[in-house]
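Residues per chain are reported as follows:
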Amino acid sequence: MKLYFIGADHEVTGSCHVVEVNGKHIMLDCGLEQGRDIYVNDDLPVPPAKIDAVLLSHAHIDHSGLLPKLVKDGFQGTIWCTEVTRQLCDIMLKDSAHIHESEAEWANRKAKRSGKKQEKPLYTVEDAEECMKYFRSIEYGETFTPVEGISARYEDGGHILGSAIIYLTLQEGGLKQTLAFTGDLGNTGMPIVNDPSPRETTDFVITESTYGDRLHEKVDDPLKQLADIMERTFKRGGNVVIPAFAVGRTQEMLYFIREILERDMVSYKDFDVYVDSPLADEATAIFEENVFGYYDEEAMKIIREGEHPLLFPNLITVVDAEESKQINSSTRPSVIISASGMCSNGRIKHHLKHNLWRPECTVALAGYQAEGTLGRLLADGVKDVRIFQEDIHVSAEIVQLQDVSAHADQNGLIHWLIDNPEKPEKVFVVHGDEEACTTFTELLKKDYDYRATAPYSGFVYDLLKNEYVGTEMPEKVLTAAEKKEKIKEDKNREQDTYAQNRYYSELMEKGQKLIRLIEKRKNAKNSELKRFLKEVERVVNRWD
Ligand SMILES: [Zn+2]
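Cut-off values and rules
Residues numbered from 1 in each chain as written. Predicted model: local features only at pLDDT ≥ 70, side-chain atom pairs only at ≥ 80, totals over all residues. Helix = DSSP H or I, 4+ residues; strand = E, 2+ residues; numbered from the N terminus. Rg over C-alpha atoms; globule rule 2.2 N^0.38 Å. Buried ≥ 20, exposed ≤ 12 C-beta atoms within 10 Å, placed from the backbone. Contact = placed C-beta atoms within 7 Å. Pairing = 2+ DSSP bridges. Axes fitted to C-alpha atoms, helices over the stretch in contact; angles between N-to-C directions. Core = buried A, V, L, I, M, F, W, Y, C linked by C-beta atoms within 7 Å. Domains from an automatic or database assignment. Nonpolar A, V, L, I, M, F, W, Y, C, P; charged D, E, K, R; others polar. Parallel < 35°, antiparallel > 145°, perpendicular 65-115°, else oblique. Expected span 1.5 Å × (residues − 1). Arc of directions from axis to C-beta.

Talk me through the overall build of the protein; I want residue IDs and the actual numbers.
Along its length, the protein carries 15 helices and 23 strands. The C-alpha atoms of the protein give 31 Å as radius of gyration, which overshoots the globular expectation for 544 residues (24 Å, by more than 25%). The principal-axis extents of the C-alpha atoms in the protein amount to approximately 120 × 70 × 50 Å. Within the span of the protein, comprising 544 residues, buried residues form 42% of the whole. Put simply, 73% of the contacts in the protein that link residues at least 6 apart link residues at least 24 apart.

Now the structure itself:
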């Protein structure tokens, strides 16, 4: 009975673990590594065709994004998840495949010109469609048997709609162990989704640690902040442009805007709200359809009152690219929600081009803006940006919206663990960068007397012996600067070794010559031999 750590160990993306019971193998998540890669993910302990099932915690690509490749490489088992996760994967995996296809196409156009080898995409839209045939959905609280010897149950993870904490009971040779896997653990007080369900007692816990070293800033009132932005922008006759991630953040924005209208928080009512992202529209439709069992109490109250928390009369969804362009010729003040969330690509760039230069408009950034993105430049107050080869002067008001993060912070993670007084045998801390996962592991050990460990990719734990049986360190992925430095170091080392070898062989030669000189003087005079001996002695004593 073993637990293999494959991905998101000492890093955040590429979530993947394998549980082995009675020679059967199930995967917990099958995520794609995104952004900067720190460690090379270890290979699966068996080929994809020998993996019997995948238990998927939620739809985010860093947890699900390698599923089409797994199927393409021979996986034949069942992919288990909640119904919302299945529906979200259906749109998100196809979208991810589309990105891989366009990236390969772009790289191949360049490769063709330089005579280099053509690249294949990681997987295609067709692969993503094929992979969906292996999905099977279950409800929260339902016990199922993915393979003989393992029973599983999903409980609400409170992270995104449909996300789950996975509980496993493993049986082998009359022995039983239990394991909880957090997936991504949600924050409390998020709109639409429930708070994460409390921890149940298990022998082992695999916990995420994205914010294991940090506390979220206190959010005052995101609803009032957005209402104030809308009020003052509409008064100026401008538009509010919100770059937002298609799944999750966009729906939160819709929830807030409906609430603002409902509570009469803006005086100017004659405005339109556009959601201009085909993926966001598809995701919103999934959010609209899957209510029961997924929405939190507040959102359910709205449903019981005969309304929908994400729908209101002035909402316009835009799918067509032509319609998208027409938004900017409208004279009515509007809220324009579009992807991507960090403004690096997608239709949002068109809307920024048309609104950033207008002092009456506002750009409201929602969520984290990574280094090197247009969103980050705007957040940093840069006054001149370039969009589609055009210089744009930033005259619009730029605001960072207060976030309700989708991840629990250090306090949230600690409380989820300690609110149940039954300590697990061991807590495996994963899904956090170096600082976050090690800080959180130390905190658990020192302040809470937990047996905690932060495994690396490639580590193997025997769940019956309760010890590591493999601790091979993963290879580090170097940045371009580190690679350059390594090449320089290797070159220096090579030169040093060469110089060292050359002098050594010269010295050996001289030593052998010395022997021959001594032999030659076998019958020399004693006085000559004495002088020679003294000289040799001096050298020998100095180097001995
Ligand atoms: Zn996630």
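Structure shown, so let's carry the discussion forward.
Mind laying out the sheet that holds strand 6 (residues 135-138), listing which residues take part and the relevant values?
Ordered in space as 6-5-4-3-2-1-22-23, the eight strands form an open sheet in which the pairing is mixed. The strands lining the two open edges of the sheet, one partner per strand, are strand 6 and strand 23 (467-471). Neighbour-to-neighbour, the strand axes of the sheet open up by a mean angle of 25 degrees, direction not taken into account. Relative to strand 23, strand 22 (residues 459-462) runs antiparallel, the two sharing four bridges. Across the sheet, the residue bridging to Val460 is Gly470, located in strand 23. Contacting strand 5 (78-82) and strand 6, helix 3 (residues 83-114) crosses the sheet at an angle of about 115 degrees to strand 5.

Could you give an account of the nonpolar core, naming the residues involved and the relevant values?
Core analysis: the largest hydrophobic core is formed by 133 residues, its most contacted members being Val54 and Ile242. Element by element, the count of residues in this core is highest for helix 3, at seven residues. Leave out the neighbours within four places in its chain, and Ile242 touches Met253, Val335, Ile336, Ile337, Ala364 and Ala366.

Requested: an account of unusual backbone geometry, with residues and values cited.
It is generally the case that most residues other than glycine have a negative phi and that most peptide bonds are trans. Residue Ser340 is reached from Ala339 by a cis peptide bond, and omega for that bond is 10 degrees. Its location among the elements puts Ser340 in the loop between strand 15 (334-338) and helix 10 (348-355). The backbone of Ile192 shows a phi angle near 70 degrees, a positive value even though the residue is not glycine. With respect to the secondary-structure elements, Ile192 resides in the loop between strand 10 (175-181) and strand 11 (204-207). The buried category is assigned to Ile192, around which 20 C-beta atoms lie within 10 Å.

Please set out the environment of Gly238 residue by residue, giving values where relevant.
For Gly238, the location among the structural elements is in the loop between helix 5 (222-236) and strand 12 (240-243). Under the C-beta neighbour-count criterion, Gly238 is labelled partly exposed, with 19 such atoms within 10 Å. Distance from Gly238 to Ile160, taken between C-alpha atoms, is 32 Å for residues 78 residues apart in sequence. In this structure Gly238 touches Thr233, Pro333, Arg358, Glu360, Cys361 and Thr362, once residues within four positions along its chain are discounted.

For the domain arrangement of the protein, give the residues involved together with the corresponding values.
By the assigned domains, the protein splits into domain 1 (2-214 + 406-470), domain 2 (222-400) and domain 3 (482-543). Taking the mean C-alpha position of each, domain 1 and domain 2 sit 31 Å from one another. Contacts between the two partners involve 17 residues from domain 1, matched on the other side by 17 residues from domain 2. The residue inventory of the side of domain 1 that touches domain 2, partitioned by class, reads 11 nonpolar, three polar and three charged.

Would you mind going over the packing of helix 3 against helix 7 (residues 278-289) in detail, with residue names and values included?
One can describe the packing of helix 3 onto helix 7 by two numbers: an axis separation of 10 Å at closest approach and a directional angle of 170 degrees. By the angle class used here, helix 3 and helix 7 are roughly antiparallel. Here Val84, Gln87, Leu88, Ile91 and Asp95 of helix 3 come into contact with helix 7, specifically with Leu279, Glu282, Ala283 and Ile286. For the contact of helix 3 with helix 7, a count of residues per class yields six nonpolar, one polar and two charged.

Lay out the sheet that holds strand 12 in plain terms, naming residues and giving numbers.
Taken together, the six strands give an open sheet; going across it, the order is 14-13-15-12-16-19, and neighbouring strands pair in parallel fashion. Unpaired on one side and paired on the other, strand 14 (315-318) and strand 19 (397-400) mark the two borders of the sheet. Recorded for the sheet is a direction-independent mean angle of 20 degrees between the axes of neighbouring strands. In terms of strand pairing, strand 12 meets strand 15 through four bridges, oriented parallel. Looking at strand 15, one finds that Ile242 is bridged to Ile337. Its contacts with the sheet place helix 6 (residues 249-262) against strand 12, strand 13 (272-276) and strand 15, and it is angled at close to 160 degrees to strand 15. Relative to strand 12, helix 10 is tilted by about 150 degrees, and along the sheet it contacts strand 12, strand 15 and strand 16 (362-365).

I'd like a description of the packing of helix 5 against helix 6, backed by residues and values.
Their axes nearest at 10 Å, the elements helix 5 and helix 6 cross at an angle of 75 degrees. With respect to each other, helix 5 and helix 6 are oriented roughly perpendicular. Contact residues: Pro222, Leu223, Leu226, Ala227 and Met230 in helix 5; Phe256, Glu259 and Ile260 in helix 6. Partitioning the contact of helix 5 with helix 6 into residue classes produces seven nonpolar, no polar and one charged.

Describe the pairing of strand 23, with residues and values.
Side-chain direction in a regular strand flips from residue to residue, so the side chains alternate between the two faces of the sheet. Within strand 23, only zero of the five residues are buried, leaving the element largely exposed. Where strand 22 folds back on strand 23, the antiparallel hairpin that results is connected by four residues, among which Asn466 adopts a positive phi of roughly 60 degrees.

I'd love a proper account of helix 5, names of residues and values included.
Relative to the 21 Å expected for 15 residues at 1.5 Å per residue, helix 5 spans 21 Å between its end C-alpha atoms, a close match to the ideal helical length. Three or more residues of helix 5 are buried, namely Leu226, Ala227, Ile229, Met230, Thr233 and Phe234. Angular distribution of buried residues about the axis of helix 5 spans 160 degrees; they occupy a single face of the element. Of the surrounding secondary structure, the elements contacted by the buried residues of helix 5 are strand 12, helix 6, strand 15, strand 16 and strand 19. Looking one or two residues past helix 5, Gly237 carries a phi angle of roughly 80 degrees, positive in sign.

Can you tell me about the pairing of strand 15, naming the residues and giving the values?
The element strand 15 is extensively covered by neighbouring structure, given that five of its five residues are classed as buried. Every second residue of strand 15 is oriented toward a common face, with Ser334, Ile336 and Ser338 on one face and Val335 and Ile337 on the other, all of them buried. For strand 13 and strand 15, the ladder comprises five bridges, and the chain directions are parallel. By the bridge assignment for strand 15, Val275 is matched with Ile337.

Any details on the environment of Ile61? Residues and values, ideally.
Inspection of the secondary structure puts Ile61 in helix 1 (residues 61-64). Taking the C-alpha atoms as reference, Ile61 lies 11 Å from Ala97; in sequence the two are 36 residues apart. Leave out the neighbours within four places in its chain, and Ile61 touches Leu32, Gln34, Met92 and Ser96.

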